[in-house]
Amino acid sequence: MEARFLLGFLLLLSLSSFAFSIYEDQVGLADWHKRYIGKVKHAVFHTQKTGRRRVVVSTEENAIASLDLRTGDIFWRHVLGKNDVVDQIGLSLGKYVLTLSSQGSVLRAWNLPDGQMVWETDLQISNPSNSFLHVLGNVKSGRDSLSLVCNGGSIRAVSSIDGLVVWKNDLSIDGLKLKHVFQPPESDTIYAIGFIDSSQIALYHINAKTGELLKHATQASSVDLSSETSAISSDSLVVLDSSRSNLLLIKFTAGIITYHKLPLSDIVQDFSGLAELIPTKSNDIFVVKTPSGVAFKKVKGDNELELIGKADQAGIVSDSLTLSEEEQAFAVVHHSNNAISFQVRINGREVLTEGIKIEGHRGHVKRVFLNNYVRTDKSHGFRALIVMDDESLLLMQQGEVVWSREDGLASISDAVVAELPVEREGVSVVEVEHTLLEWLKGHMLKLKGTLMLATPDDMAAIQAMHLKSSERNKMTRDHNGFRKLIIVLTRSGKVYALHTGDGRIVWAHLLTPLLQSERCPSPSVLTLRNWRVPHRKALQENPSILLVGRCGAGSESHGFHLIIDSYSGKELETQILDHSIAEVVPLPLADSSEQKLHLVIDDKLNAHLYPRSSDSLEVFIREMSNMYYYKVENAKGFIKGYAFKKGCSTGSSAYCFGTRELWSVVFPSDSERIVATARRKINEVVHTQAKIMTNQDVMYKYISKNILFVATVSPKATGGIGSTAPDEAWLVAYLIDTVTGRILHRVTHQGAQGPVHAVVSENWVVYHYFNLRAHRYEMTVIEIYDQSRADNKDVMKLVLGKHNLTTPITSYSRPEIATKSQSYFFTHSVKAIAVTTTARGITSKQILIGTIGDQVLALDKRYLDPRRTANPSQEEKEEGIIPLTDTLPIVPQSYVTHTLQVGDLRGIMSFPANLESTTHVFSYGVDLFYTRIAPSRTYDSLTDEFSYVLLLITVVVLIVAILVTWAMSKKKDLQEKWR
């Protein structure tokens, strides 16, 4: 009895480690989340003595954020929709952030401390155009103040407290565009100045409290006026003409408009090129920026101009900062040789010059915002918020960079994965002993925690061990394949390498300034691809990536390519191409040096082979008869397939190949418009082609990398959801073989429209769309099976190898296929969709769905099984088929992003680890999120929380217990024999 009790206790002790263990990703050790804001275009400082000092910014990613001036951390942030572009921001009453967006049609107020939206007003503007926001300082009603929104020829006064429109005035004059609004101190009259068809100057006097038009005046102009204006006093402003070579000084006194034309060649010494007018606020001062320098001018008398300061070098100039009624400050920033020269000028007079060194990968200065603070000696100090070429954000103060933010990562356009270096150095005995001691110490602490014997210090040490997680951040490969590099390309042309362990930036490289030359005046990077992935010589050679781009905006511009070392970001090769780039086609081929072959298609449909070596040329020519290319023209409504041939229409290069059209699929424009296409990943691994059914029958998946999914909608259904009636909307899904152009399958969804998001994997496709009749989103799955192997349905034949799976599959023979499909309702709108990929394709698939809430949902593929029925048989239940429901379930625990959001989610990518059970998931938008998931649980490994020490102790104790009970049993038997 005692022996049984002892064995039971030991068994319970051995299972206790599993009862207390949790998955690593549940405590955030296998994922990370990075928040960004994007390229800053507007900034407003809030530096009152009370409260936190902050700067409120709006960005080109339509984000509004409040940043801590001390650290650059985000206090709060909101990301608006793509169609809700922020036009201007401002502060009102010292506690509200006002944002004008959607071309001046939507005005919002946000609470400054916490970012909560206070109110939103739709200004109901019929013809939105260039708009601006002006907060009145003199008109107040109790504790309220008015904000003016000017759009075209209309003015609306909005209450800052509740967002109600107090008054509006639509100046019904065709071609009127208001440019400036101001209110003199202690006056109830608003002056609005605008241009009528760029040929007349208009002045309006409006009552600030009622919006009543008091009087107006117009004056014809002899020059064509541009949009740049700068108010220099309460009764005058300066304007550039459309040629940007003449300046107009406009004055309006007692309702009379006068102007004086001044050639810039008389104002700026050695003037040439185009001028730019820097916005100012008062004091009769304006700033003109030219390619040769910056001139600060002051208006004296009627038409006299005095030069009060100049900067000989052209730089970036900030808007004016009002220090007092008589003083305005400007920041002038110059950049050269990885150094920034920062000047502050008050009324044109230089008062401060500072210089700092910055990293070369940031590029040049793009924008600067100036702010001041009061020092202890009551003098003015200055800080500058600087936006760089790579869209990063820096705060400069007292000759130092206080903080910096890599906000270029908010605009990722492409991404690839690269391996980390193999660990080369040996490990010394001392290191082994130290590691062993740390390992034993860690597991002893875990054992004490499991047995509830740990002290508070022990618990703190255990938590520190979890957080340290040094193994996952090493810069070498691990045998599980968890440590990798994610190399991303951003909109600015900068390439970052991110470590999957913690998301830190390993290296960064800005490409566009390095490429800029006479041959390549305005480079832009289009895409990046893996160039070399060494396997045979992984210790001697580094992997590299290929970046391809254009030297101009048009598709006919010459292209370029760069090759960069994946480990260091070092530029290995740069080449300006003698042809254009329309598309880059990666091939499943490599040369003897393990460089992957790529075809660059130009605008004349010629194919250029890279790398240009005799080895790669030989490999390609050998396989050219099996290589095909297809082109989708969404706007023209056709898809064409091509084969390659020797000879090139643009030259005699051996690496240039022509194309010949094989087939075309034309969709009639009056009934169908292409809205989405999708195809399988070129490197996807399929474990098995056979699928065993519940009745022991065998079905063979139709596995082809040449399948293209195409979705078309009716012309009236190309607009937004609800833009057409269900009877006039339909969606057609096609599966097309890209070698022959044969349509393998076609299905029509009546009363459906886009947007359509699709993913193709193995022998199935899943796509998402909107059902107008049901007023709900739907997801449809189509599975394709090969019927040409109908004779091989015996499982025993499959086991014994008596089948024809080795028979070559060719797209030229007409396939005998069968399809199964099913549609389900889905709760959410979708922004992006992907599928998990594993090393050998054994693990169950999950559909990764980027929802409208900017989260990533992992949906088990079994829910999208077309064989689901309402009452599955016992055999089907044993196979794992789920009973049919009309709606796909959403389990909260299935969100791989947990409670986090990836602002403005744009893309999801999945790439395999070395462990078959595990896959990496990386999602990007304004934010970045990375995690590892195991769709079928971690069946091939033990978690890091597993207590090996406890297991060892349990085994030892069990062995001792067995020996003790064996001795006791022998003794008992001996005693019984003596009786």
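Residues numbered from 1 in each chain as written. Predicted model: local features only at pLDDT ≥ 70, side-chain atom pairs only at ≥ 80, totals over all residues. Heavy atoms only, no water.

- An unreviewed UniProt entry annotates the protein chain as ER membrane protein complex subunit 1 originating from Rhynchospora tenuis.
- Word for word, the UniProt comment on the protein chain under Sequence similarities (unreviewed entry) is "Belongs to the EMC1 family." (UniProt positions renumbered as here; feature names shortened; annotations may be inferred.)

1. Focus on the overall build of the protein chain
In step 1: Along the protein chain, the regular secondary structure elements total nine helices and 64 strands.
In step 2: Relative to its full complement of 979 residues, the protein chain shows a buried share of 52%.
In step 3: Taking as baseline every contact in the protein chain between residues at least 6 positions apart, the subset at least 24 positions apart corresponds to 51%.
In step 4: Carbon and sulfur atoms form 51% of the exposed surface of the protein chain, whose accessible area is close to 45,900 Å². (Helix = DSSP H or I, 4+ residues; strand = E, 2+ residues; numbered from the N terminus. Buried < 20%, exposed > 50% of the residue type's maximum accessible area, 1.4 Å probe, protein only. Contact = heavy atoms within 4.5 Å. Areas by Shrake-Rupley, 256 points an atom, 1.4 Å probe, with all protein chains shown as cover.)

2. Description of the pairing of strand 42 (residues 571-580)
In step 1: As paired strands, strand 41 (residues 558-565) and strand 42 are joined by six bridges and run antiparallel to one another. Considered in strand 42, the bridge of Ile564 is made with Glu571.
In step 2: Connecting strand 41 to the next strand, strand 42, in antiparallel fashion are five residues, including Gly569 with a positive phi near 80°. (Pairing = 2+ DSSP bridges.)

3. Some points on a nonpolar patch on the surface
In step 1: On the surface, Leu952, Val956, Val960, Val964 and Met968 cluster together into a nonpolar patch covering about 440 Å² of accessible area.
In step 2: Mapped onto the elements of the fold, Met968 is located in helix 9 (residues 948-978).
In step 3: Relative accessible area serves as the criterion here: at 47%, Met968 is assigned to the partly exposed category. (Patch = residues over 30% accessible without salt bridge, like charges linked within 9 Å, V, L, I, M, F, W, Y side chains within 5 Å. Salt bridge = Lys/Arg side-chain N within 4 Å of Asp/Glu carboxyl O.)

4. Points about unusual backbone geometry
In step 1: The amide bond that connects Tyr610 to the next residue, Pro611, takes the cis arrangement and shows omega of 0°.
In step 2: Assignment of secondary structure puts Pro611 in the loop between strand 45 (607-610) and helix 6 (614-623).
In step 3: With omega at 10°, the peptide bond leading from Gly754 into Pro755 counts as cis.
In step 4: Within the secondary structure layout, Pro755 lies in strand 55 (residues 752-761).
In step 5: Positive phi outside glycine occurs at Leu93, with the angle close to 60°.
In step 6: For Leu93, a relative accessible area of 33% puts it in the partly exposed group.
In step 7: The phi dihedral of Gln398 is positive, around 55°, even though this residue is not glycine.
In step 8: The topology assignment puts Gln398 in the loop between strand 33 (393-397) and strand 34 (400-405).

5. Re the confidence of the model for the protein chain
In step 1: For the protein chain, the average pLDDT comes to 84, and 89% of its residues sit at 70 or higher.
In step 2: This stretch, residues 1-27, has a pLDDT under 50; its non-local contacts, to residues over four places away or in other chains, come to 30 contacts.
In step 3: Within the model, pLDDT remains below 50 along residues 426-434, and this stretch shows two contacts once partners closer than five positions in the same chain are excluded. (pLDDT = per-residue confidence, 0-100.)

6. Regarding the packing of aromatic side chains
In step 1: Throughout the structure, instances matching the rule amount to twelve aromatic pairs.
In step 2: Measuring from ring centre to ring centre gives 5.6 Å for Trp32 and Tyr930, while their planes differ by 25°; the resulting arrangement is stacked. Remark: Tyr930 occurs in strand 64 (residues 928-933) and Trp32 occurs in strand 1 (residues 32-34); sequence separation between them is 898 residues. Assigned by exposure class, Trp32 and Tyr930 land together as buried.
In step 3: These aromatic residues form a ring-pair network of at least three members: Trp32, Phe922, Tyr924 and Tyr930.
In step 4: Its guanidinium or amino end placed over the ring of Phe825, Arg776 lies 4.3 Å from that ring's centre, counting from NZ or CZ.
In step 5: Directly above the ring of Trp764 sits Lys861, whose terminal nitrogen or CZ lies 5.0 Å from the centroid. (Phe/Tyr/Trp six-rings, centres within 6.5 Å; stacked < 30°, edge-to-face > 60°. Lys NZ or Arg CZ within 6 Å of the ring centre and 35° of its normal.)

7. A few points about the nonpolar core
Most often, soluble globular proteins keep nonpolar side chains buried together rather than apart.
In step 1: One finds Phe709, Leu731, Leu735, Val756, Val765 and Tyr767 to be the most contacted residues of the largest nonpolar core, which totals 25 residues.
In step 2: Sorting the residues of this core by element identifies strand 49 (673-679), strand 52 (707-713), strand 53 (730-737), strand 55, strand 56 (764-771) and strand 57 (776-786) as the ones contributing at least two each.
In step 3: Leave out the neighbours within four places in its chain, and Val765 touches Phe709, Leu735, Val759, Val760, Thr780, Val781 and Ile782.
In step 4: In terms of nonpolar packing, the next biggest core, distinct from the first, is built from 22 residues, Leu321, Phe342, Ile346 and Leu370 among them. (Core = buried A, V, L, I, M, F, W, Y, C linked by side-chain atoms within 4.5 Å.)

8. With respect to helix 9
In step 1: Spanning 31 residues, helix 9 covers 45 Å between terminal C-alpha atoms, matching the ideal 45 Å at 1.5 Å per step.
In step 2: Among all positions in helix 9, only Val949, Leu950, Thr954 and Ala961 are buried. (Expected span 1.5 Å × (residues − 1).)

9. Observations concerning the pattern of salt bridges
In step 1: Per the stated rule, a full pass over the model turns up 34 salt bridges.
In step 2: With its nearest N and O atoms 3.1 Å apart, the salt bridge here joins Arg405 to Asp407. Each member of the pair, Arg405 together with Asp407, is buried.
In step 3: Note that Asp854 is salt-bridged to Lys831, the shortest N-O span being 2.6 Å. With Asp854 in the loop between strand 60 (846-851) and strand 61 (856-860) and Lys831 in strand 59 (residues 830-835), this pair connects stretches of sequence that are 23 residues apart.

10. A look at the sheet that holds strand 41
In step 1: The strand order 39-40-41-42 describes an open sheet built from four strands, whose pairing is antiparallel. Taken across any chain shown, the strands that pair with only one partner, and hence form the sheet edges, are strand 39 (524-532) and strand 42. In this sheet, adjacent strand axes meet at a mean angle of 20° when their direction is disregarded.
In step 2: As paired elements, strand 40 (residues 544-550) and strand 41 share seven bridges and run antiparallel to each other. The residue of strand 41 that forms the bridge with Ser544 is Asp565. (Axes fitted to C-alpha atoms, helices over the stretch in contact; angles between N-to-C directions.)

11. Things to note about helix 6
Quick reminder: α-helices carry 3.6 residues per turn. Residues three or four places apart thus point the same way.
In step 1: Within the span of helix 6, buried status applies to Ser616, Leu617, Val619 and Phe620. Taken around the axis of helix 6, the buried residues stretch over an arc of 165°, which confines them to a single face. Opposite the buried face of helix 6, by more than 90 degrees, sit the exposed residues Ser614 and Arg622.
In step 2: Tucked inside the fold, the buried residues of helix 6 contact strand 43 (583-590), strand 44 (596-601), strand 45, strand 47 (638-646) and strand 48 (656-666). (Arc of directions from axis to C-beta.)

12. Here we look at the sheet that holds strand 31 (residues 365-374)
In step 1: Spatial ordering of the open sheet is given by 31-32-33-34, a layout of four strands whose pairing is antiparallel. A strand with exactly one partner marks an edge of an open sheet, and here the two such strands are strand 31 and strand 34. With direction set aside, neighbouring strand axes in the sheet form an average angle of 20°.
In step 2: Note: strand 33 against strand 34, five bridges, orientation antiparallel. Note that in strand 34 the partner of Gln397 across the bridge is Glu400.

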